Amino acid sequence: MTILTTKTQLLNPLIQLKTPLPLKFRPKMASISARLDNSQQQMNLSVLRFTLGIPGLDESYLPRWIGYGFGSLLILNHLLGSDSVSAAQLRTEALGLSLAAFSITLPYLGKFLKGAAPLDQTTLPEGAEQIFVMSENVSVAQKEALAWATYVLLRNTNTTSVLILTQGELCIRGYWNLPDGVSKDNVLDWFKSNIEETGLSDLRDTLYFPQTADAEFWNILPQGTRSVLVQPVLLSPNPSMNYMGNIEGFFLLASSMRYAYNEKDRAWIRAVSNKLRNERRTWHFDILLQS
Amino acid sequence: MPIYVGGASLLAVLFNRAISGIAPVADASSSQSRADLLTLGLAVTNVLTGLVWLSIRPKSITPVEPQGVECQEIYSHLPESVVSEILWVWESLSAVTCCKSLVIVYDCQCIVQIGVAAKSLNIDEPFAVDAAKLMQGSLYQGVLKSGAQSYMANLSLYPGRSELPFLPSNTQAVILQPLGDRGIAVLGGDTIRGFTTSDQTWISYIGEKLDATLAKYMSSMPSVVQE
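Residues numbered from 1 in each chain as written. Chains lettered and ligands numbered in written order. Predicted model: local features only at pLDDT ≥ 70, side-chain atom pairs only at ≥ 80, totals over all residues. Heavy atoms only, no water.

K.L.:
Looking at this structure, how should I read the pattern of salt bridges?
P.N.:
Should the charged atoms of two oppositely charged side chains come close, the side chains can pair. Per the stated rule, a full pass over the model turns up 7 salt bridges over all chains. Asp199(B) serves as the salt-bridge partner of Lys264(A), at 2.7 Å between the closest nitrogen and oxygen. You can see Lys264(A) sitting in helix H6 (residues 263-290) and its partner Asp199(B) sitting in helix H6 (residues 197-219), one on each of two chains. Given the relative accessible area of 7%, Lys264(A) is considered buried. Residue class for Asp199(B) comes out buried when judged on its relative accessible area of 0%. Notably, a salt bridge pairs Lys209(B) with Glu85(B), separated by 3.6 Å at the nearest N-O pair. Of this pair, Lys209(B) sits in helix H6 while Glu85(B) is found in helix H3 (residues 80-96), placing the two residues 124 residues apart along the sequence. Taken together, the salt bridges that share partners define one network made up of Lys275(A), Glu85(B) and Lys209(B). (Salt bridge = Lys/Arg side-chain N within 4 Å of Asp/Glu carboxyl O. Helix = DSSP H or I, 4+ residues; strand = E, 2+ residues; numbered from the N terminus. Buried < 20%, exposed > 50% of the residue type's maximum accessible area, 1.4 Å probe, protein only.)

Below you can see the structure in the form of structure tokens.
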């Protein structure tokens, strides 16, 4: 008989973060705990794993192999068995074969569990170049705020390209497909004209396209974009106050992964968009002080 | 779910043997017994897989309402832009994470104390933060030395708890975020292991930003007297 050993794994609650987590690092044994971070709270991290103790063997497929093995043994038994096959034996074999079939499909079903397999990795869009442009007439404080916001969004979320429009000023960073005729100076104008056409500046609610969609503004996004999040920058903290002039602009985030932004990511992106709203209030205050 | 399948088939096999009038002896001599054994093995595999799935399913942990007084104290000599940034940090943290208390100590003084704070002895006032004592304590020194964030997911397990008397007594989780090498931000949460990994990374970036902002303004101010 094979020997089954159980291994419980309790992650040390004191977690030291030396550097920001590299986005796609997933060690094998802790793979379950990393996947489970998608939900709101941190999971209870003691996981029961059955392992044969053979390194390099993926135990999650064990039921499948057992299903194949035992199923074939059952069939062998049936064929090589004694002459008269009793009804009881047939019943048992039928039961056994259906169990074997079930075991074979178990790993496939297991993928649908909450906290199951991670999504596809981020791939860089093809033919896109990395750019970082900002409108000219922005104050130093605004420049810093925009630079920090784009930097943190690109590093911390699955974003490959980000575009921020606030108070008519643009900041674009990340991987974008620029058409051939556009030189470095015309980049901003090209983006501005395209965005005016899309009407995204009047957006009030957050738009999230977790999979490739046929939206109008998709043509300015780099090729290979799979999910898009558009977050309006609202002036008032209460989004239900919908009077005109309340919208500052928007954030456009594109990623080459599907379902790139989960609940928590979206909440943080909302928080970052509020930062730019605050900046504006401060500039007005400073201007008032100076005048 | 496989547990039910496995358990049911286990019983079915035994039942089958019972009603077929075969002696309940588990030897592999007759083909019937062999078939039974194989089916039993499959049933057991299913039960075990079901157990593994159970353990993968997340266990929900309930948040614990922190006991203390609400406060919002910000050092008064800060410029408007810094105050609005701090308020933004607090707004984001309290909205997105399970953070319920925030204390920022910079350049040996307590700059910010927002959220729920422990009550002072006998009075209904928030417990004042003794910045000097905090900075001499082992928690701060450790964080300063490593330069990295420290996450205490279950505060009751840590002896360093005594160095944070200003947090509500039933704070469940704490993140200590160093702000450069001049300050520290203490975030208290209301759920054990309530801060996810993505929260931690965001908090470390926000800490860097805060440090940059505070450093710029603190250096341009004359040395202040600690109240």
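Alright, that's what it looks like, and here's the rest.
K.L.:
What exactly am I supposed to notice about the state of the cysteines here?
P.N.:
In a disulfide, the sulfur atoms of two cysteines are held together by a covalent bond. Within this structure, the stated rule accounts for 0 disulfides over all chains. For the unlinked cysteine Cys71(B), the closest cysteine sulfur is that of Cys110(B), found at 8.9 Å. (Disulfide = S-S within 2.5 Å.)

K.L.:
Would you take a moment to explain unusual backbone geometry for this structure?
P.N.:
Trans peptide bonds make up most of the peptide bonds, and negative phi angles are found at most residues other than glycine. All names here are of chain B. Even without a glycine there, the phi angle at Asp107 is positive, about 55°. Summarising the element assignment, Asp107 is placed in the loop between strand E2 (99-106) and strand E3 (109-117). Classification of Asp107 as partly exposed rests on a relative accessible area of 30%.

K.L.:
Explain the packing of aromatic side chains here, please?
P.N.:
Aromatic rings considered in pairs are described by the distance between their centres and by the relative angle of their planes. On inspection of all chains with the given rule, the structure shows 5 aromatic pairs over all chains. Plain terms: the ring middles of Trp268(A) and Trp202(B) are 5.2 Å apart, the flat faces sit at 10° to each other, and that makes the pair stacked. Of the two residues, Trp268(A) is situated in helix H6 and Trp202(B) in helix H6; the pairing between them involves two chains. Pair check on accessibility: Trp268(A) and Trp202(B) agree, each one buried. The interplanar angle of 80° and the centroid separation of 5.9 Å between the aromatic rings of Tyr151(B) and Phe195(B) together place this pair among those described as edge-to-face. Pair noted here: Tyr151(B) is in strand E4 (residues 149-152) and Phe195(B) is in the loop between strand E6 (183-189) and H6, with a separation of 44 residues, a long-range link. In this structure, Tyr151(B) and Phe195(B) share a single accessibility class: buried. The positively charged end of Lys209(B) is found above the aromatic ring belonging to Trp148(A), 5.6 Å away from the centroid. (Phe/Tyr/Trp six-rings, centres within 6.5 Å; stacked < 30°, edge-to-face > 60°. Lys NZ or Arg CZ within 6 Å of the ring centre and 35° of its normal.)

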